[in-house]
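# Observations on chain architecture
Residues per chain, in single letters:
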Amino acid sequence: MKIDIRLGETPARVSEIFIGEDMMESVPGALEKALGTRSAYWIWDETVWALWGGKVADLGWPMDRNGGLILFTASEFDKRLASVELLARRLVSAGANRDSAIIAVGGGVTGDVAGFLASIYMRGIPCFQVPTTLLAQVDSSIGGKTGVDLPEGKNLLGTFQQPVQVYIDPRFITTLPDEELRQGMAEVIKSAMIGDEVLWKFVETNFDALKRRDPSALSRIISASCLLKSRVVQADEKESGVRRTLNLGHTVGHALEKLTGFRLRHGDCVATGMVAAAQLSKRLGKLHAEDLQRLENICETWGMPVRIPASIKSGDIIDAVRADKKRIGEKLHFILPVRIGKVIEFTDIDNGEFVEVLKSLGAG
Ligand SMILES: NC(=O)c1ccc[n+]([C@@H]2O[C@H](COP(=O)([O-])OP(=O)(O)OC[C@H]3O[C@@H](n4cnc5c(N)ncnc54)[C@H](O)[C@@H]3O)[C@@H](O)[C@H]2O)c1
Ligand SMILES: [Zn+2]
């Protein structure tokens, strides 16, 4: 499958996403064509390199195409400006210039850091993405957001630069730990809830195939999620309108991440955040109880938390929500599901109502 994200500017920019069960085999040919005379510098997550480097070398990936290979320790701790400087210096000493390109291979951390570096290296060079976690394949590699964290908060420094091409092969997911698979599944469930009821039904009925990482089942959910995200990004690249719908579950989700010192994982927090948004929507008479139940069931099947730990106070959640960089003005701003496959933006949330929901989910 190929998805084009066309961004309406002159000259038109297109970001191409290729998804396929045999994508690994197609990467050398696709890159050769897309790179032209550019030299290529690879930034690989070192864990992924250890697992997959031998295999892709056998497939003829051009790892030394007038450029070089840099291994990166990918952890959220390494997603910071110091890493960008280190990587940039390695590029300079390896001879990368304005006619070079960066190819990022790894999860969202590697993609965000390498994408950020590409967007500022010598005022910007092209970037290619090969996402290897489910989260990166359905979310972070699509849409051109790049960035690093500050001690004060996540993703506070960053740019928008669309990748030239994204190559997605679901077979990378076969080596992904269960916990990482679950984080990606939360974003897939989010996509389905936002705008794809068919995807929702597929996830509901194909748990076993997805859990054992069947490439064809994975390919199906990755394609649907990428299609949804690409449509939204195409309509609103810089997140001034419809792109905000992708934040379903993230308002409360981010607050939970922050309040647990990032002990709770992002996807897990988004799952709880989606349940909170759905509860709120039900209280406001906008969502059927049955759809809320289906959401709780699907999250529980995947082992995602649907309750808030009692140690977290509802007042603290509200303060954290108000401090979120994605807040709009003074009002609490929410994406609410109205049925499976449809959400609305709602900014008129009553504080008391919100507290009730948080307490009903277990918050102190
Ligand atoms: N740019 C965006 O639009 C966007 C969107 C969502 C999330 N993000 C960012 O993405 C990051 C999270 O991404 P992530 O969940 O992919 O994390 P990650 O990159 O840290 O990867 C998770 C773990 O999986 C390992 N790994 C990667 N691929 C593997 C494979 N195929 N087999 C085995 N292990 C593998 C990594 O080494 C790492 O330990 C966060 O920093 C978040 O802010 C960005
Ligand atoms: Zn997310």
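Structure: see above.
Overview of the structure. (Residues numbered from 1 in each chain as written. Chains lettered and ligands numbered in written order. Predicted model: local features only at pLDDT ≥ 70, side-chain atom pairs only at ≥ 80, totals over all residues. Heavy atoms only, no water.)

What follows deals with the sheet that holds strand 4 (residues 68–72). Strand pairing in a sheet relies on backbone hydrogen bonds, with the paired strands running either antiparallel or parallel. The seven strands lie next to each other as 1-2-9-6-5-3-4, forming an open sheet whose pairing is mixed. For this open sheet the edge positions go to strand 1 (2–7) and strand 4, each flanked by a neighbour on one side alone. Taking the axes of each pair of neighbouring strands and ignoring which way they run, one obtains an average angle of 15° across the sheet. In terms of strand pairing, strand 1 meets strand 2 (residues 13–19) through six bridges, oriented antiparallel. When the sheet's bridge partners are listed, isoleucine 5 is paired in strand 2 with serine 15. Contacts from helix 1 (residues 23–35) reach strand 2, strand 3 (39–45), strand 5 (100–106), strand 6 (127–131) and strand 9 (165–168) within the one sheet, and its direction differs from that of strand 9 by about 170°. Contacts from helix 3 (residues 81–94) reach strand 3, strand 4 and strand 5, with the element oriented near 160° to strand 4. (Pairing = 2+ DSSP bridges. Helix = DSSP H or I, 4+ residues; strand = E, 2+ residues; numbered from the N terminus. Axes fitted to C-alpha atoms, helices over the stretch in contact; angles between N-to-C directions. Contact = heavy atoms within 4.5 Å.)

This part covers the coordination of the zinc ion (ligand 2). Reference values for coordination geometry: four tetrahedral donors around a metal ideally subtend 109.5 degrees, six octahedral donors ideally subtend 90 or 180 degrees. Coordination of the zinc ion (ligand 2) by the protein is provided by Glu187 (OE), His250 (NE2) and His266 (NE2), with metal-donor distances spanning 2.0 to 2.1 Å. The sequence pattern describing where the donors of the zinc ion (ligand 2) fall on their chain is E-x62-H-x15-H. Linking glutamate 187 in helix 6 (residues 178–195) with histidine 266 in helix 11 (residues 266–283), this pair joins segments that are 79 residues apart in sequence. (Donors = N, O, S within 2.8 Å, 3.2 Å for Na, K, Ca; no water.)

Next up on the list: the packing of aromatic side chains. Summed over all chains, the structure comprises nine aromatic pairs. Consider the rings of tryptophan 42 and tryptophan 61, whose centres lie 5.8 Å apart with planes at 25°: the pair is stacked. In this pair, tryptophan 42 is assigned in strand 3 and tryptophan 61 in the loop between helix 2 (46–58) and strand 4, connecting sequence segments 19 residues apart. Take tryptophan 61: its relative accessible area is 4%, and that puts it in the buried class. Here tryptophan 44 and tryptophan 49 contribute two aromatic rings whose centre-to-centre distance is 4.9 Å and whose plane-to-plane angle is 80°, an arrangement assigned as edge-to-face. Its relative accessible area of 24% is what places tryptophan 49 among the partly exposed residues. An aromatic cluster is present here, built from Trp42, Trp44, Trp49 and Trp61 joined pairwise through their rings. Sitting over the face of the ring of phenylalanine 77, arginine 80 holds its NZ or CZ atom 4.2 Å from the ring centroid. (Phe/Tyr/Trp six-rings, centres within 6.5 Å; stacked < 30°, edge-to-face > 60°. Buried < 20%, exposed > 50% of the residue type's maximum accessible area, 1.4 Å probe, protein only. Lys NZ or Arg CZ within 6 Å of the ring centre and 35° of its normal.)

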